[in-house]
Amino acid sequence: MIKSYFKIAFRGFWKHKLFTLINIIGLSTGISAALVIYLIVHFDFTFDKFQTDGDRIYRVVTNFTFAGDPAYNPGVCGPLPGAVKSQVTGLQTIAPVFKLFLPDVSVLQNKTGPVKFKAQKNIILADSGYFNLIQYKWLAGSPKTALNDPYQVVLTSDQAKLYFPGSSFEEMLGKTVVYDTIKTTVTGIVQTIQENTGFTFHDFISYSTGIANKDIKAQLRLNNWGGTTVKSQLFVKLFPNTTTRQIEDQLNNILKQHNPPVKGKTQKFSLQPLNDIHFNAKYGGVNFDDAANKTTSYGLLLIGLFLLLLGCINFINLTTARSTHRAKEIGIRKTMGSSRAQLIIQFLSETFFITLISVAISAALAPFILKLFSGFVNPRIKVDLLHQPGILLFLLALSIVVSLLSGFYPALVLSGYKPVSVLKNQAQSNSGKSRNAIMRKSLTVTQFVIAQFFIMATLLVGKQIYYAVHKELGFKKDAIIVVNSPYKNRQASKNLVFIDKLKLMPQVEMVSAGNDPPSSENTSSTEAEYVDGKKEVKLSELGEKFGDENYTRLYKIKLLAGRNLQVADTNKAFLVNLTLTKMLGFKNPADAVGKVINNFNGDHKMQIIGVVSDFHQESLHAPIMPLVILTRTDKYFNGTFHIALKPQTADGHEWSSAITHIQAAWKQIYPEDDFQYDFVDKTVAKFYEKEQHTSTLLTWATGLSIFISCLGLLGLAIYTTNQRTKEIGVRKVLGATVSQIVTLLSTELVLLIILAFVIVTPVAWWAMNKWMQGFADRTSISWWIFATSGAGMLLAAGFTSSFQTVKAAMANPVKSLRSE
């Protein structure tokens, strides 16, 4: 019986190729989107799910408040891991981790000499507790002894093959790996984790090495209870039946003993669950990577669901619209004894057949779609049906759901025909036809609502990105290059030589040494206070920018009052922004000049020598904060060179020539370090990478939704005009013009689009307004966004349907009436 069902289905599909093709294209488009989105979302939601007892693994994080303002840090103070091991009960495993700052790695691969790997990431200090916490497969060495002594290192298999190609894992044991100046011995090799995880470290140096080596020991700050760094993290595994509250109370009691609370500032430890780490933007990922966004993931799921729904709506509309073509077949089947249940199964099997074809097409397209979005899709997301049974299960479940969603209502309609009425050419009563028509119109309106929502969202996101990138930020950002001197090889004398060379270049307009540009993702802040008589202002988060006397001139930051910075102002005076003067209570910027800020960076008194206009220090997501600009003679605060280039001529070769000369000067001074540079305007544009990715996804979703909707419209237009061939012929014989007939056939479509526009506009406005709240400085939600969406949908739908309506209106009425 099933075989006959599929045989009949195939014959029907072959007979009506166009409608079958429309259904397959619509469904495969929706299923492709759903599959790719499933892969992306599944990747994020399965992070570290493979860990044994993952529900008992936590990261200790630090929460601060400064004058009521919260701050969050994924790290802990240096002495805490040792104190936890000796004083805290209820913990099964304790695993401290300290990340080294981009060490250069040197290994001896052969007799020709050492091979260097510059600025390696993902290298940490760890002890045996780490491998008790995170499950690795050991390929060589023993987890019990591999990290017990100083100057031992464990490597992942991928990193070991990079360092020692051609050697077996057993042969690698005992080999030497040098990290900057730290000489270590390989004592273990573990299998690189293949599952989705934030624990992407690949070199594990024994934690005791940090205690034995004076340079690293200084970074660990083992006696500093007041300092917290993101590089020092602590992971713990609780015993069963131990609560997080019990552990947090013990941790905070230890903190109170060694670092009593002070007025205006609080510090507390808390436990962050393992399954929260990948999604919590307040603390960031294990390896300091950006946290995934659950809201974004849920938004992607909605987009996938909507696109899938559009394909299903197409199928339902076309199937029910063409139901009368199968009326006699159904009548005969019922007369011959077929039950309604058998007919429903037959129609669902036909739907399942089309769905399977669509799923196969989608599975074949998925790798190409992922490659298309490779710019912002994790490269570890792949489609491998043979080694990913979860994808096969998802596709099977999707096939069943889509078949039921698309086929159940048409199956009910078709199987509900009465054989007597059908064989008398009365397939449906007027009420039945009316119900089907209402259903088709409702589904069509739903399609237009979804498509117009995507259009409106895409336009607004694009408008906000354009606003953010092109907004006047309060400083000059064009034609400025930023070059960072090498952190480990940074010397004040070399910096001065490099600056002198830059000043001699004809393409360079001005040079400034300092730290970050005015607007940067790297933020530095401190605390201070201002006292004037009885008035006292606590400054709990005072932003800092470091630069020389050319810093404000180079960036064209306007000086509102006072004078500019001088070298003699170091540790004595600074510039402040307008926001800070208002916070201190000054209406006139000039009144703030000469005032003194107390307890700056702990115990310094700093005089205000000038006031500059406000500028955005971060992306437009963040408000403008109170800020000071100061000079420092320390090499670490003057290791960034800001280079303003002269305008290019019509030929446009000056900047490339300038970069070539700058690189040559760099290599003379820092021959062993790579030359890297960034244009400030491009750095600012990168602030909105996530929004640009969102815009790209929305653009694709919009295009696909319009495509699927118009595909369905084309099918309905073809069917409708075929059904009304005789009516069109009669009207033309009676004198109707082509334009009148096109208007007649298009009026209903226009009304449906207008209805969808009325429904979607308030919903879209609410959603867009909600999204815009994430920006401290934002563009307006303009009326033209909604108008463009409605007009664009009208044009797209009208253009699509016009292929068939104009053709029908121009047809010879004699032929159409003769065919009837």
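Residues numbered from 1 in each chain as written. Predicted model: local features only at pLDDT ≥ 70, side-chain atom pairs only at ≥ 80, totals over all residues. Heavy atoms only, no water.

Concerning the overall build of the protein
Along its length, the protein carries 27 helices and 24 strands. Across the 820 residues that make up the protein, the buried fraction comes to 49%. Restricting the contact set of the protein to residue pairs at least 6 apart, pairs at least 24 apart contribute 79%. (Helix = DSSP H or I, 4+ residues; strand = E, 2+ residues; numbered from the N terminus. Buried < 20%, exposed > 50% of the residue type's maximum accessible area, 1.4 Å probe, protein only. Contact = heavy atoms within 4.5 Å.)

Things to note about the packing of aromatic side chains
For any two aromatic rings, the description comes down to two numbers: the centre-to-centre distance and the angle of the planes. Here the structure, examined in full by the defined rule, presents 33 aromatic pairs. Here F43 and F47 contribute two aromatic rings whose centre-to-centre distance is 5.3 Å and whose plane-to-plane angle is 85 degrees, an arrangement assigned as edge-to-face. By relative accessible area, F47 is classed as buried at 10%. Ring geometry for F131 and W138: centres 5.1 Å apart, planes at 65 degrees, overall edge-to-face. Of the aromatic side chains, those joined through ring pairs into one cluster are F498, F641, W655, W666, Y670, F675, Y677 and F679. In this structure, K282 packs its charged tip against the face of Y72, placed 4.4 Å from the ring centre. (Phe/Tyr/Trp six-rings, centres within 6.5 Å; stacked < 30°, edge-to-face > 60°. Lys NZ or Arg CZ within 6 Å of the ring centre and 35° of its normal.)

Focus: a nonpolar patch on the surface
On the surface, V750, L751, I754, V758 and L794 cluster together into a nonpolar patch covering about 410 Å² of accessible area. Looking at the nonpolar patch, the element that brings in the most residues is helix α25 (residues 738-772), giving four residues. Structurally, the position occupied by V758 is in helix α25. (Patch = residues over 30% accessible without salt bridge, like charges linked within 9 Å, V, L, I, M, F, W, Y side chains within 5 Å. Areas by Shrake-Rupley, 256 points an atom, 1.4 Å probe, with all protein chains shown as cover. Salt bridge = Lys/Arg side-chain N within 4 Å of Asp/Glu carboxyl O.)

Examining the pairing of strand β23 (residues 640-645)
Successive side chains on a regular strand alternate, one facing one side of the sheet and the next facing the other. The element β23 is largely enclosed, with a buried count of six among its six residues. The alternating pattern of β23 places T640, H642 and A644 on one face and F641, I643 and L645 on the opposite face, and all of these are buried. Bridge analysis of strand β14 (residues 480-484) against β23 gives five bridges, and the strand direction is antiparallel. Residue pairing in the sheet places I480 in a bridge with A644 of β23. Bridge count between strand β15 (residues 508-514) and β23: six bridges; the pairing is antiparallel. Directly across from G514, in β23, lies its bridge partner T640. (Pairing = 2+ DSSP bridges.)

Structural notes on the packing of helix α2 (residues 17-45) against helix α13 (residues 340-372)
Here α2 crosses α13 at 50 degrees, and the two axes come no closer than 7 Å. Taken together, the axes of α2 and α13 are oblique relative to one another. You can see that α2 and α13 cross each other, and the crossing is right-handed. Between α2 and α13, the residues in contact are T20, N23, I24, L27, S28, I31, S32, L35, V36 and L39 and I354, T355, I357, S358, V359, I361, S362, A363, L365, A366, I369 and L370, respectively. In terms of residue class, the contact of α2 with α13 is built from 15 nonpolar, seven polar and no charged. (Axes fitted to C-alpha atoms, helices over the stretch in contact; angles between N-to-C directions. Parallel < 35°, antiparallel > 145°, perpendicular 65-115°, else oblique. Left-handed = near helix turned anticlockwise from the far one by under 90°. Nonpolar A, V, L, I, M, F, W, Y, C, P; charged D, E, K, R; others polar.)

Some thoughts on α2
An α-helix turns once every 3.6 residues. As a result, residues three or four positions apart point the same way. Its 29 residues give α2 an end-to-end C-alpha distance of 41 Å, which sits within 8% of 42 Å, the value for a rise of 1.5 Å per residue. Counting buried positions over the 29 residues of α2 gives 23, a clear majority of the element. (Expected span 1.5 Å × (residues − 1).)

Focus on the sheet that holds β14
Whenever strands of a sheet pair, they do so through backbone hydrogen bonds, lying parallel or antiparallel. Strand order in the open sheet made by the four strands is β15-β23-β14-β24, with antiparallel pairing throughout. At either margin of the open sheet sits one strand with a lone partner, and together these are β15 and β24 (678-679). In this fold helix α17 (residues 492-503) packs onto β15 and β23, with an angle of close to 165 degrees to the strand it touches most, β15. Strands in contact with helix α21 (residues 654-669) are β14, β23 and β24; relative to β14, the strand with the most contacts, it is inclined by about 20 degrees.

With respect to the environment of L745
Mapped onto the fold, L745 is located in helix α25. Judged by relative accessible area, L745 falls into the buried class, the value being 14%. A C-alpha to C-alpha distance of 9.9 Å links L745 and Q804, two positions 59 residues apart in sequence. In this structure L745 touches T721, R724, I728 and T805, once residues within four positions along its chain are discounted.

Points about the pairing of strand β21 (residues 604-612)
As defined by bridge partners, strand β18 (residues 559-562) adjoins β21 across three bridges and the pair is classed as antiparallel. The residue bridging A561 from the neighbouring strand is V611, located in β21. Bridging between strand β19 (residues 573-577) and β21 involves five bridges; their strand directions are parallel. Bridge pairing links L575 to G610 in β21.

So, the confidence of the model for the protein
In the predicted model, the protein carries a mean pLDDT of 83, and 90% of its residues have values of at least 70. Ranking the elements of the protein by mean pLDDT puts helix α15 (residues 419-423) last with 56 and strand β8 (residues 152-156) first with 95. Long-range and interchain partners of residues 427-432, a stretch whose pLDDT sits below 50, account for ten contacts in this model, where long-range means more than four residues apart. (pLDDT = per-residue confidence, 0-100.)

Things to note about empty space enclosed by the protein
Scanning all chains against the criterion turns up one cavity of 30 Å³ or more. Computed from the structure, the largest cavity encloses a volume of approximately 70 Å³. What lines the largest cavity is a set of ten residues, and nearest its centre among them are F47, D48, G198, I277 and H278. Its residues placed into classes, the lining of the largest cavity shows four nonpolar, four polar and two charged. (1 Å grid on protein atoms, 1.4 Å probe; cavity = no way out; pocket = protein on both sides within 12 Å on 5 of 7 lines; lining within 4 Å. Points joined across faces, edges and corners; volume = space filled by probe spheres on them.)

Notes on the environment of I706
When you line up the elements, I706 lands in helix α23 (residues 689-723). Between the C-alpha atom of I706 and that of Q447, which follows or precedes it by 259 residues, the distance is 8.7 Å. Leaving out residues up to four positions away in the same chain, I706 has contacts with A451, I455 and A796.

Comments concerning the packing of α17 against α21
At a minimum axis distance of 10 Å, the contact between α17 and α21 shows a crossing angle of 155 degrees. It follows that α17 is roughly antiparallel to α21 by the angle criterion. Crossing of α17 over α21 shows right-handed handedness. Facing K494, V497, F498, K501 and L502 of α17, the residues of α21 in contact are I662, A665, W666, Q668 and I669. Tallied by class, residues from the contact of α17 with α21 come to seven nonpolar, one polar and two charged.

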